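Each chain is listed here by its residues.
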Amino acid sequence: MAKYLMSVWGPDSDYEKEHYGYASEEEMMRSFEATGKFNDKLQQEGYFVFADGLDAAKNATVVDGQGEKPVITDGPYAEAKEYMAGFWIIDVPDLDVALKLATEASAACLGKVEVRPMQTGPEA
């Protein structure tokens, strides 16, 4: 088994919109329901490790502790037009399964999903 991060990306401006970038409240609720069902499927199939949504990037804090005194800065590390809105960590047999699940995740949450392998091996 291999662990993958499936991250959901979207425009940073979505947090400022009435329905977080969804066309309507109904579309948002359908997506939340579909994402919940997808999470249930991951758990039933034994692939689920962890998942959650993230607050707006503007609420991030960057800590640089490399010098004599730590430097703490409000806001995201990188300035970008798109942000990571949420993520799943899955444990699956191979990349093919991860990509199939990412396709389902994208359809459920109505967003683009990036798939990245974790550096940890199967024993982690």
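What comes next concerns the included structure. Predicted model only: the values in this text are computed from it and were never measured.

1. Thoughts on the pattern of salt bridges
For the structure on display, the rule yields five salt bridges. Residue D91 is joined to K3 by a salt bridge in which the shortest nitrogen-to-oxygen separation is 4.0 Å. In this pair, D91 sits in strand β5 (residues 82-92) while K3 sits in strand β1 (residues 2-11), placing the two residues 88 residues apart along the sequence. For K3, a relative accessible area of 15% puts it in the buried group. Its salt-bridge partner being E33, residue K37 comes within 3.3 Å of it at the nearest N-O pair.

2. Overview of unusual backbone geometry
Phi angles above zero are rare outside glycine, and L110 is one such case at about 60°. Tracing the backbone through its elements, the reader meets L110 in the loop between α2 (95-109) and β6 (112-117).

3. A closer look at the nonpolar core
Taken as a class, soluble globular proteins show a tendency for nonpolar side chains to be buried jointly. One finds M6, F38, W88, I90, V92 and L101 to be the most contacted residues of the largest nonpolar core, which totals 17 residues. Secondary structure elements with two or more residues in this core: β1, α1 (25-44), β5 and α2. Sorting elements by how many residues they give to this core places α2 first, with seven residues. Look past the residues within four positions of M6 in its chain and what remains in contact with it is F38, G86, F87, W88, I90, A98, L101, A102, A105, V113, E114 and V115.

The rules we used
Residues numbered from 1 in each chain as written. Predicted model: local features only at pLDDT ≥ 70, side-chain atom pairs only at ≥ 80, totals over all residues. Heavy atoms only, no water. Salt bridge = Lys/Arg side-chain N within 4 Å of Asp/Glu carboxyl O. Helix = DSSP H or I, 4+ residues; strand = E, 2+ residues; numbered from the N terminus. Buried < 20%, exposed > 50% of the residue type's maximum accessible area, 1.4 Å probe, protein only. Core = buried A, V, L, I, M, F, W, Y, C linked by side-chain atoms within 4.5 Å. Contact = heavy atoms within 4.5 Å.

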